[in-house]
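# Architecture and fold: a report
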Amino acid sequence: MFDQLLEMVLKTRKQKDRKTCQQAATAISLLNASGASLSSLQLNNIKIADANLQGALMWGTNLRDSDLRGVKLNGIMWDGADVTNVNLMNCQTGMLATLRGNSDRVLAVAFSPDGEVVASSGADHTVRVLNLEDGEECERLEEPEMVPCVCFTPDGRIVSGCRNGAIKIWDFVNDTKKELEGHKDGVFTVSVTSDGNTIVSGGDDRLIKYWDLNTGKCTKVIKGHHKAVLAAAVSPNMRYLASP
């Protein structure tokens, strides 16, 4: 049954008439509803408008040049899929909006405590603050190198880590900045403890550091990682630290 339904889908590569495309959309919807994996398939240049692919497993699937207009894509899992030149007009994705901010890869995002803005940092050497109401950029912090990580403090300040090893504390409301220098190489993760008093950072120098948020002084250094520290998290009660 799988092969027969898949053949109906692939038929739209050559036959683009309405009936064939409707049959293909029904066929791939049935495959998905049955729980069949659609991962790593060659589904390029197919036409399956209005199909139901909610929750579909499509990791690494080739969808290049396909017509997916009106397709239900909520919850789809398609990491590594090739969606080059795919028509996604009127698709249902479950996303409320797409914000346009960084001009290159976005490496980290964080919501402000009041939920009014989102900060994004990226390979374009900037941290950008976007208003969630209209999607417009309202503030920008420029750095000399890419910015792999960003987070907010409980009182709304931004903490970011740069590839040059610097950590910035940025109060964009009052337009003040403080720089912490302590990592010898790139900073890949920053977070703030639940009490809002301490920054925890990790980086390419294989160190995790604790910083007093108010004074900017380093209060603790944790060694022992054999490779770069890509993530670090402190438990809400601040008793435990987890890092890969």
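Scroll up a little and you will see the structure.
Residues numbered from 1 in each chain as written. Predicted model: local features only at pLDDT ≥ 70, side-chain atom pairs only at ≥ 80, totals over all residues. Heavy atoms only, no water.

## A word on the sheet that holds strand β8 (residues 176-181)
This is how the line gets drawn: We treat two strands as partners when DSSP finds at least two bridges between them. A run of H or I in DSSP counts as a helix once it spans at least four residues, and a run of E counts as a strand once it spans at least two, with each numbered from the N terminus. In this description, a line fitted to the C-alpha atoms serves as the axis of each element, helices being fitted only across the stretch in contact, and the angle between N-to-C directions of two axes falls anywhere from 0 to 180 degrees.
Spatial strand order, β5-β6-β7-β8: 4 strands in an open sheet with antiparallel pairing. The sheet terminates laterally at β5 (149-152) and β8, the two strands that pair on one side only. Between one strand and the next, the sheet's axes are offset by a mean angle of 20°, whatever the strand orientation. Where strand β6 (residues 158-161) lies against strand β7 (residues 166-171), 4 bridges are found, and the strand directions are antiparallel. Residue Val 159 lies in a different strand from β7, and its bridge partner there is Ile 169.

## Some details on the packing of aromatic side chains
Rule in force here: Whether two aromatic rings pair depends on their centres lying within 6.5 Å, for rings of Phe, Tyr and Trp, where Trp uses its six-membered ring; planes under 30 degrees apart make the pair stacked, over 60 edge-to-face, and the rest tilted. As a reminder, the over-ring test applies to NZ of lysine and CZ of arginine, requiring each to be within 6 Å of the ring centre and within 35 degrees of the ring normal.
The final tally for this structure, using the stated rule, is 1 aromatic pair. Here Lys 220 stacks its cationic end above the ring of Tyr 210, 4.7 Å away from the centre of that ring.

## Side note on the pairing of strand β2 (residues 117-122)
Definition in use: The classification of residues rests on relative accessible area computed with a 1.4 Å probe and restricted to protein chains. Under 20% of the type maximum is buried, over 50% is exposed, and intermediate values are partly exposed.
The buried fraction of β2 is high, at 6 of 6 residues. By the alternation rule, side chains of β2 split into Val 117, Ala 119 and Ser 121 and Val 118, Ser 120 and Gly 122, which are all buried. Adjacent in sequence and paired antiparallel, strand β1 (residues 106-111) and β2 are bridged by 5 residues, among which Gly 115 carries a positive phi angle near 75°. Summarising the sheet, β2 and strand β3 (residues 126-131) pair through 5 bridges and their orientation is antiparallel. Its bridge partner lying in β3, Ser 120 is registered against Arg 128. Hairpin connection of β2 to β3: 3 residues between the antiparallel strands, including His 125 at a positive phi of 70°.

## Some points on the side chain of Thr 193
This is how it is decided: Contacts were defined at the residue level, with two residues in contact if any of their heavy atoms lie within 4.5 Å.
Of note, Thr 193 is situated in the loop between β9 (187-192) and β10 (198-203). The exposure class assigned to Thr 193 is buried, which follows from its relative accessible area of 5%. Not counting residues up to four positions away in its chain, the partners in contact with Thr 193 are Thr 198, Val 200, Val 234 and Met 238.

It is worth stressing that arrangement in space is one thing and function is another; only the former is reported here.
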